[in-house]
Every structure is written in C-alpha cells, then in structure tokens.
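Breakdown of the fold
Here are the chains, one letter per residue:
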Amino acid sequence: MLPTLRQLQYLKLLVDHGGFGKAAEAAHVTQPTLSAGIQELEKILGAPVVDRARSGLILTDVGEAALAKARVILNEADELVQAARSAGQPLTGRFRLGVIPTIAPFLLPAALPLLRTRFPELRLYLREDLTQRLIAALKSGQLDAALIALPFDMTGLDSAHVAHDEILAALPANHPLARQDRTRPSELEEGDLILLEDGHCLRDHALAACDLRPPRLSDTGATFAATSLPTLVQMVGSGLGVTFLPSMAVAAGLTEGASIEIRPLQAEDPTREIVVVWRSGSIRGAEGRLLAETLREA
C-alpha cells in the first residue's frame, strides 16, 4: 500500500499547525478522523511519525523524512491541478512568483498592469526575498517561478531571458570621480566602497563584473553595508562612500532628489542578466517562458 495524498496532507497540517485539533480544523475534518489518518500512515510506513510520549508535537526521524517528501509530493500534485485548469489558457489561476528585492520595486510597477491586461484570469502571488531563499522555495515546490539575476548556480533549473541590466557607478555629487565621464572600478575600490549586505546577489554581481574583492574592514573594525538599495542611495548621498547601482533602479527614479551622480563603468561587461527561472521539467515551464516574454515588453 502507498500513502494517500490526504494522509500526507494530514501530516503536513499537523506540523504546520502544531497540534491535532488545529490541524483537523484546517483540514475540515474531525480530530478523530485526522488521528485515524495519521495512524494509517504510520501503518503503511511501518513506523511512528509522531512521538506522542512527550509534551508538544515532536516528529520522529521517520516523520521528518516523510514530511519532507510529503511537501514535495503535495506541491507537485497542486501544480498538476493548476496546470490542468489552465490547459489551453496559460497564466490563468494561481501563479506563485518569487522576486529579488533589487528587481521587484523597479520592474514590477511597469509589468503588473501589462500582466493584468493581458491575462485577466491570472492570480499572481508575489514573494520578495533573497535569491538563495527563493531558489530553495522554488525547488521545494513552494513557488512556481522566480525572477532573479544571473550569474547563479542553475543546477536543476531552466530559465528564460528577460533583460540585461547595466551596473553603474553611484558617487556623491561633490566626489572627484564625478568629474569623469566614465569610472574605472579600481577607482571605486579606493573610494570607500559601500555595498549591500551579504546575501544580496547584486553585491556579488557588481564585484564579479568589475573584478573586485569585497571591501575590507577599516582599521577601526567598522565598515558600512546597506540593507536595501534606497538605504544605499541615502548613504552615498550623505557622502559616506561610493557604490554600484543597477540601471533599472536609476531609470525608475531611485536616485531622484539625492545628491548623487551616476556614471557608466569602464569595464568589459558590467551587467547582470535578469531571467525567469523554474524547476527543470516543471509542467509550468511554458508559462515561465510566457511570463518572461511579457516582462521583456515591460
């Protein structure tokens, strides 16, 4: 015998809600029904999934392994249903899209009205997060696609191109480098370079595109890092240092009102590639490509 989707759903709800009562309520069944479903799952697996001898809800090792597989199987089943409902009518119904924070506020305002007009039946659920966490959610089935920037490890992923986004130098208005038409990356490295915090892929893309090393701690043990692009702009505008900004953010007006000068970089290819990615073999891959095509127009 194999576990049923319902039994796997009971296990997932049990963990998500932390107890049998709340899990049964979420499943719209009685608590005895849910408990019986968990017991049947344990019979099929040949081992308990929940340790009932202790206070609170604690999964056994078998339960932990079963839960990990259950999440994947349930997400795949849900994806199957969503794809079947939208067969012949792509980008209808629910579509869960992850977007990194250095893209979301600059591309989505132009893209969302176009998507709404072109695909009126689309219910787009957006999640903004760092690349690593979005890809983990994508591979576990919690997202249908993600809008990220390359280069990135694409193992197990397929992608469709959206745009090339130039990386620019951002300088305080009174900075000596602002008098030049173009800025050499090595000059930025010598000028109190401020970057986003670790985890933001733009930081790595800018350093790699300019063949630079991450800035070292100062002699006092202090260094500056920003949590977001708006914060980064404010820091540069206040004269604390120099930085890199993506051209899409500048074009969207991020630096308006700030005492900042923008200059192109004198480098071989100071760009990042914006792409839509999805799990290799996903039945929603065609929709990922269609989404990328629409985003290109935006």
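Here the structure is a predicted model, which means the values were calculated and not measured.

Notes on the pattern of salt bridges
Enumeration over the complete set of coordinates arrives at 13 salt bridges. One salt bridge connects Asp16 with Arg71, and the closest N-O pair in it is separated by 3.0 Å. Here Asp16, found in helix H1 (residues 5–17), pairs with Arg71, found in helix H4 (residues 61–85); they are 55 residues apart in sequence, far enough to count as distant. Of the residues examined, Asp16 reaches a relative accessible area of 39% and is grouped as partly exposed. Note on Arg71: relative accessible area 27%, which makes it partly exposed. The closest approach of N and O atoms between Arg184 and Glu187, which form a salt bridge, is 3.0 Å. Each of the salt bridges in this network shares a partner with another, and the network as a whole consists of Arg96, Asp144, Arg284 and Glu287.

Focus: the layout of surface pockets
Looking at the second largest pocket, its volume works out to about 180 Å³. Contributing elements (two or more residues each) for the lining of the second largest pocket: H1 and H4. When its residues are assigned to classes, the lining of the second largest pocket shows five nonpolar, one polar and two charged.

Description of helix H5 (residues 104–118)
In a regular helix each residue adds 1.5 Å, so 15 residues correspond to 21 Å; H5 covers 20 Å between its end C-alpha atoms and thus fits that length. At Ala111, H5 shows its maximal bend, which comes to roughly 35°, and the proline Pro113 appears one to four places after that position. Looking at H5, one finds that the buried residues are Ala104, Phe106, Leu107, Leu108, Ala111 and Leu115.

A short note on the pairing of strand E4 (residues 122–128)
On a regular strand, each side chain points to the face opposite its neighbour's, so the side chains alternate between the two faces of the sheet. Pairing between strand E3 (residues 93–99) and E4: seven bridges, direction parallel. The partner of Arg94 across the bridge, within E4, is Arg123. Between E3 and its parallel partner E4, the chain crosses via H5, and the hand of that crossover is right-handed.

Regarding the pairing of E3
With seven of seven residues buried, E3 is to be regarded as a mostly interior element. By the bridge criterion, three bridges tie E3 to strand E5 (residues 145–150) in an arrangement that is parallel. Bridge assignment links Leu97 to a residue of E5, and that residue is Ala145.

Thresholds applied
Residues numbered from 1 in each chain as written. Predicted model: local features only at pLDDT ≥ 70, side-chain atom pairs only at ≥ 80, totals over all residues. Heavy atoms only, no water. Salt bridge = Lys/Arg side-chain N within 4 Å of Asp/Glu carboxyl O. Helix = DSSP H or I, 4+ residues; strand = E, 2+ residues; numbered from the N terminus. Buried < 20%, exposed > 50% of the residue type's maximum accessible area, 1.4 Å probe, protein only. 1 Å grid on protein atoms, 1.4 Å probe; cavity = no way out; pocket = protein on both sides within 12 Å on 5 of 7 lines; lining within 4 Å. Points joined across faces, edges and corners; volume = space filled by probe spheres on them. Nonpolar A, V, L, I, M, F, W, Y, C, P; charged D, E, K, R; others polar. Expected span 1.5 Å × (residues − 1). Bend = angle between axes of the 7 residues up to and from the residue. Pairing = 2+ DSSP bridges. Right-handed = clockwise from strand over helix to strand, strands pointing away.

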